[in-house]
Amino acid sequence: MTLRIVPFYPELLSIYADRGNVRVLEQRARWRGIPVDVSPLPLGSDLDPGAVDAILIGGGQDRDQALVADALVAQVPALRSAIADGVPVLAVCGGYQLLGHAYVDQSGNRTPGTGLVDLETHAGPDRLIGNVLVEAEVDGRTERMVGFENHAGRTTLGPGVEPLGRVITGAGNDGVSGHEGCRVDRVIGTYVHGPLLPKNPWLADLLLGWACAHRGRSGELTPLDDRFDLVAADAAATIALAERR
Ligand code: GLN
């Protein structure tokens, strides 16, 4: 019952170390004796919705988002099928923006998104850059989420689309609403890079548990020793708070 992790177009969508999220899921599974297969989806290839247990989509510059958009949109039927079957999706920044209807850059160029989540992103006049600290709400749990953001996009969630969390410091979706990311069942979008998962092991295990459950394994994961992860997260949170904007 090998766990099948599919990063989308990592050669184009992996800025600010987002490919580290793949490594974290892989390693946290392996530490529990769970066999893992990581099969990056190359641009232009088709996703087999029946052969995936977790999907990751990283961030990218405007140019890279435009390069992958058509190929990604062509995968919408397969993505919808996988998501409907309970496959978790983690989409970061540029990938998060492409979960929505479109990303409109600072020159007004419109890059089509998948429309998997009712949201839309328009670039603002400047970039929202810095350390970010978020109070995330998932399944009634409140968790700290810490990392780094760098984006021109301002994302507006559609009615009924829940944010992933509340910004404590940083900009989040738009620097105004106080919201960060989005969450629709097992589809999570966020502006938090870093990469995200090393300093937020709770989120890594949430995704891993969902992926295991989808694969027909128990979603209950044996606890790991996360002391170093949490020391790193504490340090990052202290820096973010000291920078409070
Ligand atoms: N190009 C997008 C923006 O600037 C996403 C950037 C990113 O993925 N960090 O908003």
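Preceding this paragraph is the structure being described.
Cut-offs and rules
- Residues numbered from 1 in each chain as written.
- Predicted model: local features only at pLDDT ≥ 70, side-chain atom pairs only at ≥ 80, totals over all residues.
- Heavy atoms only, no water.
- Near = heavy atom within 4 Å.
- Polar contact = N/O pair within 3.5 Å; in protein donor to acceptor, adjacent residues only side chain to side chain.
- Areas by Shrake-Rupley, 256 points an atom, 1.4 Å probe, with all protein chains shown as cover.
- Helix = DSSP H or I, 4+ residues; strand = E, 2+ residues; numbered from the N terminus.
- Pairing = 2+ DSSP bridges.
- Axes fitted to C-alpha atoms, helices over the stretch in contact; angles between N-to-C directions.
- Core = buried A, V, L, I, M, F, W, Y, C linked by side-chain atoms within 4.5 Å.
- Buried < 20%, exposed > 50% of the residue type's maximum accessible area, 1.4 Å probe, protein only.
- Contact = heavy atoms within 4.5 Å.

Undergrad: How would you explain the site of the ligand if you had to name every residue and give the values?
TA: The local shell around the ligand holds 17 residues, among which D62, Q65, C93, G153 and H193 are the closest. For the ligand, an oxygen atom lies 3.2 Å from a polar atom in the side chain of R127. Notes on the ligand: free accessible area 300 Å², of which the protein chains cover 100%. Counting residues per element, the ones that place at least two in the shell around the ligand are α2 (62-74), α4 (94-97) and β8 (141-157).

Undergrad: Provide a residue-level description of the sheet that holds strand β11 (residues 182-184), including the pertinent values.
TA: With mixed pairing, the six strands of this open sheet are ordered in space as β2-β1-β3-β4-β12-β11. Edge positions in the open sheet fall to β2 (36-38) and β11, since each of these has one partner strand only. Averaged over all pairs of adjacent strands, the angle between strand axes in this sheet comes to 15°, irrespective of strand direction. By the bridge criterion, three bridges tie strand β3 (residues 54-57) to strand β4 (residues 89-92) in an arrangement that is parallel. Bridging across to β4, I55 finds its partner in V89.

Undergrad: I'd love a proper account of the nonpolar core, names of residues and values included.
TA: Nonpolar side chains tend to gather and get buried jointly when the protein is soluble and globular. Counting residues in hydrophobic clusters, the biggest one holds 64 residues, and the most contacted among them are F8, L47, I55, L99, M145, L197 and L203. Looking at this core, the element that brings in the most residues is helix α5 (residues 201-215), giving nine residues. Once you skip the residues sitting within four places of it in the chain, L203 turns out to touch M145, I188, L196 and L197. Among the nonpolar cores identified, the runner-up in size contains six residues, and V146, A236, A237 and A240 belong to it.

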